[in-house]
Amino acid sequence: MAAWAIIAMLVVSNVFMTFAWYGHLKLQQLKIIDNSTPLIVVILLSWGIALAEYCFMVPANRYGFHDNGGPFTLMQLKVLQEAITLVIFTVLTVIFFRGESLHWNHFVAFLCLIAAVYFVFME
């Protein structure tokens, strides 16, 4: 698979992951669930969403890994995944959780992430 297809799969998996981990908080804001909702219900809901995440993450890692014919080393896959995770989390947080805002230190952190991706791909 091409590198861009692997990256797209990582993006899709991280959208699902963000909703699996933090979506229940938005459901509370929307009054769909509340604090009286049993934790096991919230966990099972999150696991259901996480299953979709794994359906994209596992193939992305499997096909993206150079020992399986992919374009990335294990370290490159992990750093890409972390950078994508934080970008997706930030975008979804700003869009769906209106009370959250970005500050200068967040932008500095993003520059550090870009540097991390650059350095992990250096020969």
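Before going into details, it helps to say that this report is about the structure given with it. This one's a predicted model, so the numbers in the text were calculated from it and none came from an experiment.

### A word on a nonpolar patch on the surface
Turning to step 1, where the next piece is worked out: A cluster of nonpolar residues, Leu39, Ile40, Val41, Ile43, Leu44 and Trp47, forms a patch on the protein surface that exposes about 630 Å² of accessible area.
Turning to step 2, where the next piece is worked out: Following the sequence through the fold, Leu39 ends up in helix H2 (residues 39–64).

### Digging into the packing of helix H1 (residues 3–29) against H2
Turning to step 1, where the next piece is worked out: Between H1 and H2, the shortest axis-to-axis distance is 8 Å and the interhelical angle comes to 165 degrees. Considered as vectors, H1 and H2 are oriented roughly antiparallel to each other. The two elements H1 and H2 meet at a crossing, and its hand is left-handed.
Turning to step 2, where the next piece is worked out: Its residues assigned to classes, the contact of H1 with H2 comprises 19 nonpolar, five polar and one charged.

### Let's talk about the packing of aromatic side chains
Two numbers describe a pair of aromatic rings. These are the distance of the centres and the angle of the planes.
Turning to step 1, where the next piece is worked out: Summed over the entire model, instances satisfying the criterion amount to seven aromatic pairs.
Turning to step 2, where the next piece is worked out: On the basis of an interplanar angle of 65 degrees and a centroid distance of 5.5 Å, the ring pair of Phe19 and Phe96 is categorised as edge-to-face. Taken together, the residues Phe19 in helix H1 and Phe96 in helix H3 (residues 74–96) connect sequence positions 77 residues apart.
Turning to step 3, where the next piece is worked out: A ring pair is formed by Phe72 and Phe121, whose centres lie 5.9 Å apart and whose planes are at 80 degrees; its orientation type is edge-to-face. Taken together, the residues span a long stretch of sequence, with Phe72 in the loop between H2 and H3 and Phe121 in helix H4 (residues 104–121) at a distance of 49 residues.

### Looking at unusual backbone geometry
Turning to step 1, where the next piece is worked out: Phi angles above zero are rare outside glycine, and Lys31 is one such case at about 65 degrees.
Turning to step 2, where the next piece is worked out: If you trace the backbone, Lys31 turns up in the loop between H1 and H2.
Turning to step 3, where the next piece is worked out: For Lys31, a relative accessible area of 71% translates into the label exposed.

### Brief notes about the nonpolar core
Turning to step 1, where the next piece is worked out: In this structure, Ile6, Met9, Leu10, Met57, Ala60, Phe72, Leu77, Leu80, Ile84, Ile88 and Leu92 together form the largest nonpolar core, which totals eleven residues.
Turning to step 2, where the next piece is worked out: Put simply, the parts of the chain that give this core at least two residues each are H1, H2 and H3.
Turning to step 3, where the next piece is worked out: What Ala60 contacts, discounting residues up to four positions off in sequence, is Ile6, Met9, Leu10 and Leu77.

### Considerations on the environment of Ala60
Turning to step 1, where the next piece is worked out: Locating Ala60 in the fold gives a position in helix H2.
Turning to step 2, where the next piece is worked out: The spatial distance from the C-alpha of Ala60 to the C-alpha of Ala3 is 9.6 Å, given a sequence separation of 57 residues.

### A word on the packing of H3 against H4
For any two helices packed against each other, one specifies the inter-axial angle together with the distance between the axes.
Turning to step 1, where the next piece is worked out: The interhelical angle for the contact between H3 and H4, taken along N-to-C directions, is 160 degrees, at an axis separation of 9 Å. Accordingly, the angle class assigned to the pair H3 and H4 is roughly antiparallel. In this structure, H3 meets H4 at a crossing whose hand is left-handed. Between H3 and H4, the residues in contact are Met75, Gln76, Val79, Leu80, Ala83, Leu86 and Thr90 and Phe110, Leu113, Ala116, Val117, Val120 and Phe121, respectively.
Turning to step 2, where the next piece is worked out: Across the contact of H3 with H4, the residue classes tally to eleven nonpolar, two polar and no charged.

Cut-off values and rules
Residues numbered from 1 in each chain as written. Predicted model: local features only at pLDDT ≥ 70, side-chain atom pairs only at ≥ 80, totals over all residues. Heavy atoms only, no water. Patch = residues over 30% accessible without salt bridge, like charges linked within 9 Å, V, L, I, M, F, W, Y side chains within 5 Å. Areas by Shrake-Rupley, 256 points an atom, 1.4 Å probe, with all protein chains shown as cover. Salt bridge = Lys/Arg side-chain N within 4 Å of Asp/Glu carboxyl O. Helix = DSSP H or I, 4+ residues; strand = E, 2+ residues; numbered from the N terminus. Axes fitted to C-alpha atoms, helices over the stretch in contact; angles between N-to-C directions. Parallel < 35°, antiparallel > 145°, perpendicular 65-115°, else oblique. Left-handed = near helix turned anticlockwise from the far one by under 90°. Nonpolar A, V, L, I, M, F, W, Y, C, P; charged D, E, K, R; others polar. Phe/Tyr/Trp six-rings, centres within 6.5 Å; stacked < 30°, edge-to-face > 60°. Buried < 20%, exposed > 50% of the residue type's maximum accessible area, 1.4 Å probe, protein only. Core = buried A, V, L, I, M, F, W, Y, C linked by side-chain atoms within 4.5 Å. Contact = heavy atoms within 4.5 Å.

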